[in-house]
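The lines below spell out each chain.
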Amino acid sequence: MIGSFLKAFQEIVYVERYAASDGLLQRIDPRVKLCSVAALIFSAVAVRTLIPLAILLVAVAAVCIASKIPLKFFFLRTTIFIPIFAGVIALPLPFITLGTPLATVGYGDFILTVTREGAYRAGQFTLRVWTCVALSILLMLTTRFSKLIQAMENFRFPKVFVTMMAVTYRFIFLFINETFRMALAKESRTVTRLRWKGNVKSLANMIATLFIRAHERGERVYLAMVARGYAGTIRSPNTMKYVQRDWVFACLSILLCLTVLSVEYLHLGGL
Amino acid sequence: MSELVIEMDDVSYIYPDGYMALQKVDLKIAKGERLAILGPNGAGKSTLLMLLNGLYKPSEGKVSVLGIPTSNENLSTIRRDVGLVFQDPDDQLFSPTLWEDVCYGPLNMGLSEEEARRRALDALSAVGMMGYEEKPPHHLSAGEKKRAAIATVLAMEPKVLVLDEPTANLDPKGRFELMSLLHGLRNSRDMTFIVATHDVNFVPMVADRVYVLNKGRVIAEGSLREIFSSQRIMSEASLEPPIIAQLFQLLAAGNNALVKSLPLTVGEALSELSLYYRSSGNKSLQLTKNC
């Protein structure tokens, strides 16, 4: 079970299948993509009505098709995250918002009323989160992680933060695999079913061992860096260049943001 | 002796927990040599290599690289001259892509992006990893990772290439590729090679001279044949001679005329055998010419 979970996780994080194809977004400079997605997420967060969000989602779907990502796959990938991010907050909204009752559930003294306003708020909130998640996933799917790191470096994100991101990405699976091997080794020597307390104890041992191994690995990686001249800062080769299509894409993104915001604030959408 | 590249004079190293990893080690390596540091696990081989690059400072004694002592003010020069390839490539390759990792050393040396690029391309082609530039290291096989790790050091164009247990975790194909790579580098670059290993079958392929290390002390030094034919040294260091040498030692015990000089590799064994059969007038071994 753990094995298949790990494999799925590895697939999600590591397989850069779509980042390698030559769709629309894949050809855009990662710095432009990062800024555009940030601006679009900002717009999505700033709006409260459904039509601007719908415009954004349609645009995301269009870009997704142009970037050669199957819509079904994209839809599934984005919906996986919705319950995690939005479910907890959106679920009680229909019941706790005051307004016109739509339906009631429960009996006796326990009656919950779903209000029209509540349902609208829950829907609007979920859609907003979904748009933001879809935008972030679109960026992740079409950009190699290394390029994102480079883009962050280029934008002068704090060095420590960028290095930590890069190193975490590089080593996280080494440790997950190590944990998995340790769990297997433990399993292979477990004959009787351990009681709850025994299980917790062996888990604690495993966490401690992993911590020590991580610490030792860290030491070795640091030595390997020092051996090649590390003295506190990492200089990476700059391989990125803006070309005309990057500017066009940036302009289109700004235009989309402005459209969404004006539909919202100039009340062009009606709802 | 020609120009000394590495000189260790009465060097001891004590870890912060009090463990004495090296005791009074004397070591001299001349320019262009191919040297193996042979010893069982825990003999102090890796610690010794860390001293060569200035990563560790000797607790006693002196380490000099190309005549310069490994003190703090010389570290940048020494790290440029001595390229250290770690045992586990996962320790060495820490960047998101191979290209960034190969450029890492040259850029740290303060070279221009153009020069770093030239060196990185040169190093990648030397190890046969062109076309892998954009690959993240975790997508490489063990053999590829090892070659990539060597490239990251070659890009710094070191004068001494130091490899720690290079055959660890390699399958036969990876091992063979590594061997050919080291041979190729030997022919194409003016470098001194130091390999620390306990893989006795690998040593004759990559070294001409051996230092034997055991429990932090150098217990013997000499040519491959001197070291591998000494029963005493081998048992003291808990090692065995290469498998071919073992076979010929057994054969020689029954037939003194068979072995003139102890073969250490399959190639040497073949020429030794064909010499023997030719001298005894037996033609049945001619087939081996095709091997």
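What counts as what
- Residues numbered from 1 in each chain as written.
- Chains lettered and ligands numbered in written order.
- Predicted model: local features only at pLDDT ≥ 70, side-chain atom pairs only at ≥ 80, totals over all residues.
- Pairing = 2+ DSSP bridges.
- Helix = DSSP H or I, 4+ residues; strand = E, 2+ residues; numbered from the N terminus.
- Axes fitted to C-alpha atoms, helices over the stretch in contact; angles between N-to-C directions.
- Contact = placed C-beta atoms within 7 Å.
- Nonpolar A, V, L, I, M, F, W, Y, C, P; charged D, E, K, R; others polar.
- Domains from an automatic or database assignment.

Draft legend 1. Here's a closer look at the sheet that holds strand β1 (residues 4–14) of chain B. Residue and element names in this part refer to chain B. With antiparallel pairing, the 4 strands of this open sheet are ordered in space as β2-β1-β4-β5. At either end of the open sheet lies a strand with only one pairing partner, and these are β2 (20–30) and β5 (68–69). Relative to strand β4 (residues 60–65), β1 runs antiparallel, the two sharing 5 bridges. Note on β4: the bridge partner recorded for M8 is V63.

Draft legend 2. Up close: the sheet that holds strand β3 (residues 34–38) of chain B. Residue and element names in this part refer to chain B. One open sheet holds the 6 strands; their spatial order is β6-β7-β8-β3-β9-β10, and the pairing between them is mixed. Looking at strand neighbours, the two that pair on one side only are β6 (82–85) and β10 (217–223), the edges of this open sheet. Averaged over all adjacent pairs, the angle separating strand axes in this sheet is 15°, with direction ignored. Bridge count between strand β9 (residues 209–214) and β10: 6 bridges; the pairing is antiparallel. Opposite R209, over in β10, you have S223 as the bridge partner.

Draft legend 3. Structural view of the interface of chain A and chain B. Counting residues at the interface gives 25 residues for chain A and 29 residues for chain B. Counting residues per element, the ones that place at least two in the side of chain A that touches chain B are α7 (145–154), α8 (159–188) and α9 (196–227) of chain A. No other element matches the 8 residues that α9(A) contributes to the side of chain A that touches chain B. Of the residues that constitute the side of chain A that touches chain B, the class distribution is 16 nonpolar, 4 polar and 5 charged.

Draft legend 4. Looking closely at the domain arrangement of chain A. All names here are of chain A. What the domain assignment reports for chain A is domain 1 (1–16 + 146–240) and domain 2 (21–143 + 241–271). Computed from C-alpha atoms alone, the centre-to-centre distance between domain 1 and domain 2 is 32 Å. On the domain 2 side, the residues contacting the 7 residues of domain 1 number 6 residues. Here the residues of the side of domain 1 that touches domain 2 sort into 4 nonpolar, 2 polar and 1 charged.

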